[in-house]
Amino acid sequence: MRIGELAAAVGVTTRTVRHYHHQGLLAEPERRPNGYREYTLRHAVVLARIRRLTELGLGLAEVRDVLAEDAGKDLVEVLTELDEDLARQEDAIRERRARLRALLETEGAVTAEGPVSPQLAALFQDMAHVSDSPMAAKDREMLALIETTADPEGREQLMGALGDAFSRPGGRDRALAAYALLDELADADPTDPRVDEAARALADCLPRDLLPDPVDVDPDNSFLRAFYADFAPAQAEAIRRTLHILMEGDGP
């Protein structure tokens, strides 16, 4: 048989046969005087076995173990390990599907910034009245980033602090006013007097618990530099002043 005939007989492609040659799974016959390789029935038997093993989910290294005469593992052991691995994958898939169902069943969880946790989705619902604010949109992106990167304790602290801030009397109105002031600074100069007004308005919205450790607000912090660079210069200056206000203890 020629390589094309072998591949067709077993139901694979000629490229697959050549790949198995390259991986050392299928012996490559010598070329005959006419320049062609002549495959035998034995090649078809081995190739068919390789196909069955790979369709079960074995990797090529595992297939090589099964085929080798001095294999360290017999077929039963390899298949048992494969079955255990598939069981772990099934558990992981069930867990992921449960999380997806929870997201799909939670109003607001699948947003432009999402998916996010049900707790953050509820907070975004509270912020829906400022959905047309560019600064509010940036804030939601940052909250989603923090939620993703924080440890469980940090996420719980974040959600608690934000929930308290919005539930305080006038909390939503203060947030709306702060976003509006920051939006107005999009084309302003950092020396604009409204920068200080926006900083104090923002500080009045944010609980002190939201601040990172003092070392993390160091001007040389690379993440903080990237954070400021994402805003217009006057907006970045207002946020910088907000952090100083809160660090000095003048915030809520």
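Above this text sits the structure in question.
Values in this document were obtained by computation on a predicted structure and should not be read as measured data.

Caption draft 1: Broad picture of the side chain of Ser133. Relative to the helices and strands, Ser133 resides in the loop between α6 (118-126) and α7 (134-149). Setting aside residues up to four positions removed in sequence, Ser133 forms contacts with Tyr179 and Asp183.

Caption draft 2: Inspection of the packing of aromatic side chains at higher detail. All told, the structure shown has 2 aromatic pairs when counted by the stated rule. With centroids separated by 5.8 Å and ring planes inclined at 50 degrees, the aromatic side chains of Phe227 and Tyr228 adopt a geometry described as tilted. Considered together, Phe227 and Tyr228 belong to a single accessibility category, that of buried residues. Ring centres of Phe227 and Phe231 lie 5.1 Å apart, and the angle between their planes is 70 degrees; on these two criteria the pair is classed as edge-to-face. As far as burial versus exposure is concerned, Phe227 and Phe231 are alike and both buried. Residue placement shows Arg2 over the ring face of Tyr36; its charged tip is 3.9 Å from the ring centre. The ring of Phe231 has Lys138 lying over it, and the distance from NZ or CZ to the ring centre is 5.2 Å.

Procedures and definitions
Residue indices follow the written sequence of each chain, beginning from 1 at its first position. Reporting of local features is limited, given that this is a predicted model, to residues whose pLDDT is at least 70; pairs of side-chain atoms are given and counted only at 80 or more, and all residues count toward the totals for whole chains, interfaces and linings. In computing side-chain properties, one takes all heavy atoms of the structure into account and sets aside hydrogens as well as water. Segments assigned H or I by DSSP are reported as helices when at least four residues long, segments assigned E as strands when at least two residues long, and all are numbered from the N terminus. Residue contacts follow a heavy-atom distance rule, with two residues in contact if any of their heavy atoms lie within 4.5 Å. Working definition: rings of Phe, Tyr and Trp (its six-membered ring) pair if their centres are within 6.5 Å, and the pair is stacked with planes under 30 degrees apart, edge-to-face with planes over 60 apart, and tilted otherwise. Exposed residues in this analysis have more than 50% of their type's maximum accessible area, buried residues have under 20%, and partly exposed residues fall in between, with area computed by a 1.4 Å probe over protein chains only. Geometrically, a lysine NZ or arginine CZ counts as sitting over a ring once it is within 6 Å of the ring centre and also within 35 degrees of the ring normal.

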